[in-house]
Every structure is written in C-alpha cells, then in structure tokens.
Amino acid sequence: MSWLILLQTEAALLAAPPRGKELSPTISPVPFPFPSASCPLQIRFLLLFSRQGKLRLQKWFTPQTDREKKKVIRDMVMLVLSRPPRTCNFLQWRDLKIVYKRYASLYFCAGLDDQENELLALEVLHRYVELLDKYFGNVCELDIIFNFEKAYYILDELLMAGEILETSKFAVGVIMEEADTLQEIQCLAQRHAHSQQ
C-alpha cells in the first residue's frame, strides 16, 4: 500500500512543475524497498567449514588461482577457528572484511570488500542457513556433505556474482520444489527407458 502512495506522490510532483520552471524530462529515482538495490553487497567468497577445519562448501565470486584459493581457505580456517566463542563475528584480513557465523558444527564465512556492510553480509549468511533449514528440515553437516549439489543450488538462487539475487524464502522454496520435481521426472524417464531395453 505504501508503494502505491509513494508512486502517486511522485507522479503528482512530476505532473505539477514549480512556477517559472519547466518540467524536467528526467524522472527522479524512486527508492527501492529491498536492501540489495539501495545498498548493494559484493561478496568475494563464501566458505563453509566444520569445527575440525574440513571444508564443506566453497563459492568464489571473483577469479582466483587455485593457489590463492588454498591460501585463503587455510588462512580463514586458522583465523576463525582460533577465535574464542564469544568474540565479534567480523575480522579485518588483508584488504577484506571477513564475516563469519557458527551454526551448530559449521562455520559460514564470507569475504567482503573493505567498504561493504558487515551486518548485511551477516544477514545474507543467516538467510542462507534459513533456506538450508527450510529445504533439509533442520540442516546438519551431513546434509551438506551428502547433498552438496543442493546446497550449491540454493546458494546460486540466493546469490549471483556475489550480489543478492533473491531475498524471499518462499520464492527459493518454490524453485527448489520445481527442480526436485524435474529431477524426479528425469529419473523416472531414465528408469523407464532402461526397463524397455
């Protein structure tokens, strides 16, 4: 409802130019309600690792060589695991801000540019955990180990090129249900084709 009022107000202001001035052909931008539009977030990488330091998932949004990736992973695991439990979830590392959060036995860790919003990144990590919980039903480390392709698929629906793509849990849930249905249909078709041979 507030969007409609905002658009009507904007239209009324543009329709009635001030006295002595012509109507400008450019339209002033209407504020967008989602944080990704008003405050874009650029994540460089996202890592999931266990308390034992085992890497469970990695997603790189900027090009890195394999050697650089291994060094970043090693440094992130060492830095995050060596911190006491009740410390701040934000770190400064090289020219990046590191945001991490522990959920059960997994650490979710994101690397951001220095000027990025840490709280928004923390919210993105939490949204990813909520999506995993919704899909797997109380997600655990084994769900990610044995269904890593689903974890990557959910992440790809949430983030694209390091920026927020979809904020709605419902929309991502619908996409995941459609993907699961398509996968089941393909499996049934393959079984039927093999049984015909």
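Residues numbered from 1 in each chain as written. Predicted model: local features only at pLDDT ≥ 70, side-chain atom pairs only at ≥ 80, totals over all residues. Heavy atoms only, no water.

Remarks on the sheet that holds strand S1 (residues 43-50)
Reasoning step 1: Taken together, the 5 strands give an open sheet; going across it, the order is S2-S1-S5-S4-S3, and neighbouring strands pair in antiparallel fashion. One side of each edge strand has no neighbouring strand; the edge strands of this open sheet are strand S2 (55-60) and strand S3 (90-93). Strand-to-strand twist across the sheet, computed as the mean angle between neighbouring axes with direction ignored, equals 20 degrees.
Reasoning step 2: Helix H3 (residues 66-81) rests against S1, S2, S3, strand S4 (96-103) and strand S5 (106-113) of the sheet, and its axis sits at about 60 degrees to S1.
Reasoning step 3: Its contacts with the sheet put helix H4 (residues 118-136) on S1, S2, S3, S4 and S5, and the angle it makes with S4 is roughly 35 degrees. (Pairing = 2+ DSSP bridges. Helix = DSSP H or I, 4+ residues; strand = E, 2+ residues; numbered from the N terminus. Axes fitted to C-alpha atoms, helices over the stretch in contact; angles between N-to-C directions. Contact = heavy atoms within 4.5 Å.)

Some points on the nonpolar core
Reasoning step 1: Within the largest apolar cluster, 31 residues are counted, with the highest numbers of intra-cluster contacts made by Ile43, Leu46, Leu48, Phe108, Tyr128, Leu132 and Leu159.
Reasoning step 2: Elements represented by at least two residues in this core include exactly S1, S4, S5, H4, helix H6 (148-158) and helix H7 (169-196).
Reasoning step 3: Here the element with the most residues in this core is H4; it accounts for 9 residues.
Reasoning step 4: Beyond its immediate sequence surroundings of up to four residues, Ile43 is in contact with Phe61, Ala110, Gly111, Leu112, Val124, Leu159 and Gly162. (Core = buried A, V, L, I, M, F, W, Y, C linked by side-chain atoms within 4.5 Å. Buried < 20%, exposed > 50% of the residue type's maximum accessible area, 1.4 Å probe, protein only.)

Examining the side chain of Gln42
Reasoning step 1: The topology assignment puts Gln42 in the loop between helix H2 (35-38) and S1.
Reasoning step 2: In this structure, Gln42 is in contact with Leu112, Asp113, Glu116, Ala161, Gly162 and Glu163, ignoring residues within four places of it in sequence.

Some details on H7
Reasoning step 1: Taking 1.5 Å of rise per residue, the 28 residues of H7 would be expected to cover 40 Å, and the 41 Å separating its terminal C-alpha atoms lies within 8% of that figure.
Reasoning step 2: Buried within H7 we find Val172, Gly173, Met176 and Asp180.
Reasoning step 3: Against H4 and H6 lie the buried residues of H7.
Reasoning step 4: At the N-terminal boundary of H7, the capping side chain belongs to Ser168, with an oxygen 3.3 Å from the backbone nitrogen of Phe170. (Expected span 1.5 Å × (residues − 1). Polar contact = N/O pair within 3.5 Å; in protein donor to acceptor, adjacent residues only side chain to side chain.)

A short note on the packing of aromatic side chains
Reasoning step 1: Enumeration over the complete set of coordinates arrives at 6 aromatic pairs.
Reasoning step 2: Summarising the aromatic geometry, the rings of Phe45 and Trp60 are spaced 5.3 Å apart at their centres and angled 40 degrees between planes, so their arrangement reads as tilted. Here Phe45, found in strand S1, pairs with Trp60, found in strand S2; they are 15 residues apart in sequence, far enough to count as distant.
Reasoning step 3: The buried category is assigned to Trp60, whose relative accessible area is 16%.
Reasoning step 4: Considering the side-chain rings of Phe49 and Tyr107, the 5.7 Å spacing of their centres and the 20 degrees angle between planes classify their relative orientation as stacked. Remark: Tyr107 occurs in strand S5 and Phe49 occurs in strand S1; sequence separation between them is 58 residues. (Phe/Tyr/Trp six-rings, centres within 6.5 Å; stacked < 30°, edge-to-face > 60°.)

By themselves these figures say nothing about function.
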